Structures are given as C-alpha cells and as structure tokens.
Amino acid sequence: MSTNRFETRLGLSGRRPVKSHGYVNPKLVRGSTVLYPNCADRREIGKRRLEQAEIYGLYGTETHFALESMIAEIEGGTHCQIVSSGLAAITVPLLAYLKAGDRILVPDSVYGPTRRFCDATLSKFGVTTTYYDPMIVERDLRAMLTAEAKVVFVESPGSHTFEVQDVPMICRVTHDFGGKVFMDNTWGIRNFMPFSHGVDVSIQALTKYIGGHSDIILGAITVASEEDWSWLRAGALDLGQYASPDDCWLALRGARTLNVRLDAQEANALRIAEWMSTRPEVQKVLHPALPSCVGHEFWKRDFSGSCGLFGVVFQPDFDYQAVVAMVDSLQLFGIGASWGGYESLALPTSFTITRSRNTGEFGGEMLRLQIGLEHVEDLIDDLVAGLAVLRSQQRTHVASAPCFADEMLDLYGNEPKI
Ligand SMILES: *Cc1c(COP(=O)(O)O)cnc(C)c1O
C-alpha cells in the first residue's frame, strides 16, 4: 500500500499513473470472449486465474480489476473478488470454505438474509450454525469453539440493533482454535480496518456506500493472504460468480467520492442521533458513537468514525402502529430497504429482528434511520413533525399486527414464527 493518505489513494486506485497519456478513468470493458494470437498463448494465460489476467469475461475485465484494486485498498487487504451482490459476498466465501460436518458461529444480531442462508441452505450441506450473543466474552467463546467450529462470523455493529463486537478478541481466540473469522464490514467501511484487527475475510455490500447512489447491487470479498485468496478465488469461479462491468464502473465512480460523502453523512447522522437522544419520545439511541449503544467502548477503541445508519428505540408508550404512522408522515425520508445512498430513509424495525438467544429485547418499538446528504436542519424539521404524529398515536392497547420486512420472509413469502 502506498504512503499516500486515504483521500489521495481513493483518487489514484485502479487507474493509470497520473501523467500517462489517456483518459482519467479506467475503461468500461464488456466482454465474454478474449482472443489470443495462438493456442500456446491461450494455454499459458489460462494458468493465471489467481491474477488480474484477462482470460475470459467470467474471470474479470479491466473494469472489474480496477474496482477490485480499489476495494482491496479501502479495506487494507491484498486481494478482492467482486461478486453480484452484498449477499453473494456473504454466501460465496461460506460455501467456498465450509464442508459437511463443519460448524459456523454466527452473532445473533446478524443481517437477516445471512441467518436465512445459514438456516435454509448451509444446513442442507451438513453445516450447522450456532448463534452466539454478539457481546460474548472470551470464556464463553472458548467454550463454544469445538473442533468442528471452522468459521466465526462477525458483523459489527449488528444489523438493526447496532451492538459493537469485540472483534480483536474474537479473532485472537478463534485463531487459537485454528478457525477463521469472516466479517461483514459494510457499516465499518473506511472506519474499521478488518485485517489490522485480525479478520481473515472481509465482506462489503458495495450496494451501500461505495455505490452511494442507490442504483447498483454489488458485493466484494477481500482477503489479506495468498492462502485465503486461493480458496476464495477458486470457490467464486466454481460458483460462477460474475458482476456486470457497468455496475463495477458505477461503483468505481462512487468510490472516488466515498470520503466526502461519508464525512457529510456521518456528521448529519451524529447531529440527528444526539438530538434524538434529547427527545422525550425516545428511550434510547442505538448509534455506536453514543454511550447508549451496546459495545460503544469497542467502537471507541477500534473504529475511526461512524456512518449515516443508526437506530432509535422509542418509549414503551408507543406501539408499532404509532411508529408506522410517524414514518408514513415523513416527507424527506423514503420508506425502503438498503442504505448508504445520498437520500434519507426510515424503516420501523421491531418486526425485522429474529433472535435465537435472548439478546433482542430493547423495551420499545424501533426505527432505523439512514441519513443522507440533505441539509440536516431540513431533516430535523421533518422528524419534529413526524414525532408530533407519533405522540398523537399514543398507545391505545390495541394489539398491532406484525408486519415483516421482505428480507425476513422465507423464499415462499411466509412470515417467520415469533
Ligand atoms: C445490505 C446489506 C447486505 C447485502 O447487500 P445486497 O447488495 O443488498 O445483497 C449485507 N450486509 C449488510 C450488513 C447489509 O446491510
């Protein structure tokens, strides 16, 4: 890695040297067949599948390789594999690494579709999943790490509930047992350096802040050792993973401005989180940079910043329907999945939380906010009006009907049992 600072590297990565003749940006290359001058050359280059070599479209084009270099740079790793979605960036390394008889430890606060993949798909291949408390301490983790536990998955902070995990401890203990740590580092982009804390495989949904404009679905898997790269690359190719070069090109374009967008969204979100924590309707703000968030001390120790995504727990006087009425009334916050775009979003989250252990009781209805690049005072004005709607709906003791986020439905659209 160069000695340039982060902002400078974002501008240089995946490009030609600054003063070479040609366009500023890497080319958008679409292609399947690559032609060779003769059969011998074709055989030779076919041996270079672990490198950024243009062999066949599936193995990547110049556009893919530029983005892979960029993400490896941002994550602080050595090799990156671009895949079709953030979810594929979770499922591909798990399928590539685990085998029948193995066990994976997964935090109870994990992203819903990761849980579904473990329960519905990994189980079919004879891999068992054990859920653990995201705030697990060393002694309990050691007790869970039996010989067949090959991977400990971490996601810090947790989806919707934002518990920040003690990732360095989890890595140290897992490595003592010969296991590997896979991390969903989507929230920690730029602000958590996975490999310097001991993580083996880092996962990014590029759909979020790298894309940054709510217009692509893309994922990246990054590693920092040749050994990890060889099984990962082989597994990704075996599984036929590919991403559109057009989407990769958009991700590269998004990544150039990652730093300024993230700075602005981080500042807006912190301001709103602090303001929210002074509101009487709010019981607790789940923002890793605030002391009210579980694991805040690990955030302070391990992260260099935060981002625009956080949660709010309301006072018990407000039921689910009241939160829905509030969200429906907001003018500047869209209602929809995903985050990391330039525009703000709000989502009631209570019914998206599934837990296997007793770790999901927050004592009130919950809301997740993704803060965009709008003027922060406009967003606060909108929330002030929304909170007035919330108050007007004060609990009436009528049981509210659960409503599940799409991501929690099973493949046939059935709601989970609660
Ligand atoms: C959105 C998200 C993903 C999945 O990304 P997609 O590109 O939508 O598949 C994975 N992990 C986390 C934490 C996410 O928020």
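Residues numbered from 1 in each chain as written. Predicted model: local features only at pLDDT ≥ 70, side-chain atom pairs only at ≥ 80, totals over all residues. Heavy atoms only, no water.

Here's the deal with the sheet that holds strand β11 (residues 366–370)
Read from one edge of the open sheet, 4 strands run β8-β9-β11-β10, paired in antiparallel fashion. The open sheet has two free edges, formed respectively by β8 (282–286) and β10 (345–348), since each of these has just one partner strand. Geometrically, the sheet is characterised by an average inter-axis angle of 20° between neighbouring strands, direction not taken into account. Taken together, the 4 bridges between β8 and strand β9 (residues 309–314) define a ladder with antiparallel strand orientation. Bridge pairing in β9 links Leu286 to Gly311. The strands touched by helix α12 (residues 320–329) within the sheet are β9, β10 and β11, with β10 carrying the most contacts at an inclination of about 165°. (Pairing = 2+ DSSP bridges. Helix = DSSP H or I, 4+ residues; strand = E, 2+ residues; numbered from the N terminus. Axes fitted to C-alpha atoms, helices over the stretch in contact; angles between N-to-C directions. Contact = heavy atoms within 4.5 Å.)

Considering the side chain of Glu68
Along the chain, the position of Glu68 falls in helix α3 (residues 62–75). Buried charge without a salt bridge: Glu68, with Arg233 as the nearest opposite-charge side chain at an N-O distance of 5.0 Å. A polar atom in the side chain of Glu68 sits 3.0 Å from the backbone nitrogen of Ile82. (Buried < 20%, exposed > 50% of the residue type's maximum accessible area, 1.4 Å probe, protein only. Lys, Arg positive; Asp, Glu negative; His and termini not counted. Salt bridge = Lys/Arg side-chain N within 4 Å of Asp/Glu carboxyl O. Polar contact = N/O pair within 3.5 Å; in protein donor to acceptor, adjacent residues only side chain to side chain.)

Details of the site of the ligand
The full set close to the ligand counts 14 residues, and Gly86, Leu87, Asp184, Thr207 and Lys208 are the nearest of them. Take Asp184: an N or O atom from its side chain is 2.6 Å from a nitrogen atom of the ligand. Across the complex, the protein chains shield 88% of the 380 Å² of accessible surface that the ligand would expose by itself. The biggest single contributor to the shell around the ligand is helix α4 (residues 86–97), with 3 residues. Residue classes in the shell around the ligand are distributed as 6 nonpolar, 5 polar and 3 charged. (Near = heavy atom within 4 Å. Areas by Shrake-Rupley, 256 points an atom, 1.4 Å probe, with all protein chains shown as cover. Nonpolar A, V, L, I, M, F, W, Y, C, P; charged D, E, K, R; others polar.)

Quick word on the domain arrangement of the protein
One widely used convention gives an interface's size as the accessible area the parts lose upon coming together. Once the domains are mapped, the protein shows domain 1 (6–255) and domain 2 (258–407). Each partner contributes to the interface: domain 1 provides 44 residues, whereas domain 2 provides 45 residues. Interface area, domain 1 with domain 2, both sides summed: about 3,900 Å², of which 58% is carbon and sulfur. When the buried surface of domain 1 facing domain 2 is broken down by residue, His160, Trp187 and Tyr209 rank first, second and third, together holding 24% of it. Taken together, the links from domain 1 to domain 2 amount to 4 salt bridges. The salt bridge partner of Glu266 is Arg190, with a shortest N-O separation of 3.0 Å. At the junction of domain 1 with domain 2, the criterion picks out 25 residue pairs in polar contact (both at pLDDT 80 or more). Among the elements of the structure, α1 (6–12), α5 (112–120), β3 (128–132) and α9 (245–256) are those that each provide at least two residues to the side of domain 1 that touches domain 2. (Domains from an automatic or database assignment. Buried area = accessible area lost by both parts, 1.4 Å probe.)

Remarks on the sheet that holds strand β6 (residues 201–205)
Consider a sheet: its strands pair through backbone hydrogen bonds, and that pairing is either parallel or antiparallel. On the basis of which strands lie adjacent, the open sheet formed by 7 strands has the order β1-β7-β6-β5-β4-β2-β3 and mixed pairing. The open sheet has two free edges, formed respectively by β1 (79–83) and β3, since each of these has just one partner strand. For this sheet, the mean inter-axis angle between neighbouring strands, taken without regard to orientation, is 20°. Pairing between β1 and strand β7 (residues 219–223): 5 bridges, direction antiparallel. The residue bridging Cys80 from the neighbouring strand is Thr222, located in β7. Where helix α7 (residues 167–176) meets the sheet, it contacts β3, β4 (149–155) and β5 (180–184), and its direction lies at approximately 155° from that of β5.

Quick look at the packing of aromatic side chains
Inspection of the entire model under this criterion finds 7 aromatic pairs. Among the aromatic residues, those joined into a ring-pair cluster are Tyr97, Phe182 and Trp231. Here Arg115 stacks its cationic end above the ring of Tyr131, 4.2 Å away from the centre of that ring. (Phe/Tyr/Trp six-rings, centres within 6.5 Å; stacked < 30°, edge-to-face > 60°. Lys NZ or Arg CZ within 6 Å of the ring centre and 35° of its normal.)

Points about the environment of Met366
Counting through the fold element by element, Met366 comes out in strand β11. When the C-alpha atoms of Met366 and Pro348 are compared, they prove to be 5.8 Å apart, with 18 residues separating the residues in sequence. Leave out the neighbours within four places in its chain, and Met366 touches His160, Thr161, Leu286, Val312, Val313, Val323, Leu347, Pro348, Thr349, Ser350 and Ile353.

Description of the UniProt feature "modified residue: N6-(pyridoxal phosphate)lysine" (unreviewed entry) in the protein
The UniProt feature table records "modified residue: N6-(pyridoxal phosphate)lysine" (unreviewed entry) at Lys208. For Lys208, the position within the fold is in the loop between β6 and β7. If near-sequence neighbours (up to four positions away) are discounted, Lys208 is found in contact with Thr186, Ser338, Trp339 and Gly340. (UniProt positions renumbered as here; feature names shortened; annotations may be inferred.)

A short note on the state of the cysteines
Evaluated as defined, the whole model comprises 0 disulfides. Cysteine Cys118 is unpaired, with the sulfur of Cys171 as its nearest cysteine sulfur at 18 Å. (Disulfide = S-S within 2.5 Å.)

Quick look at unusual backbone geometry
Residue Pro157 is reached from Ser156 by a cis peptide bond, and omega for that bond is 0°. Within the fold, Pro157 resides in the loop between β4 and α7. Residue Phe162 is not a glycine yet carries a positive backbone phi of 65°. Locating Phe162 in the fold gives a position in the loop between β4 and α7. Here Phe162 falls in the buried class, since its relative accessible area comes to 1%. The phi angle at Ser338 is positive, at roughly 75°, despite the residue not being glycine.

Overview of the packing of helix α10 (residues 258–276) against helix α13 (residues 376–392)
The contact between α10 and α13 brings their axes to 10 Å, and the two run at 30°. In terms of orientation, α10 and α13 fall into the roughly parallel class. Handedness of the α10/α13 crossing: right-handed. Contacts from Asn268, Arg271, Ile272, Trp275 and Met276 of α10 reach α13 at Val376, Glu377, Leu379, Ile380, Leu383, Val384 and Leu387. Per-class residue counts for the contact of α10 with α13 are 9 nonpolar, 1 polar and 2 charged. (Parallel < 35°, antiparallel > 145°, perpendicular 65-115°, else oblique. Left-handed = near helix turned anticlockwise from the far one by under 90°.)

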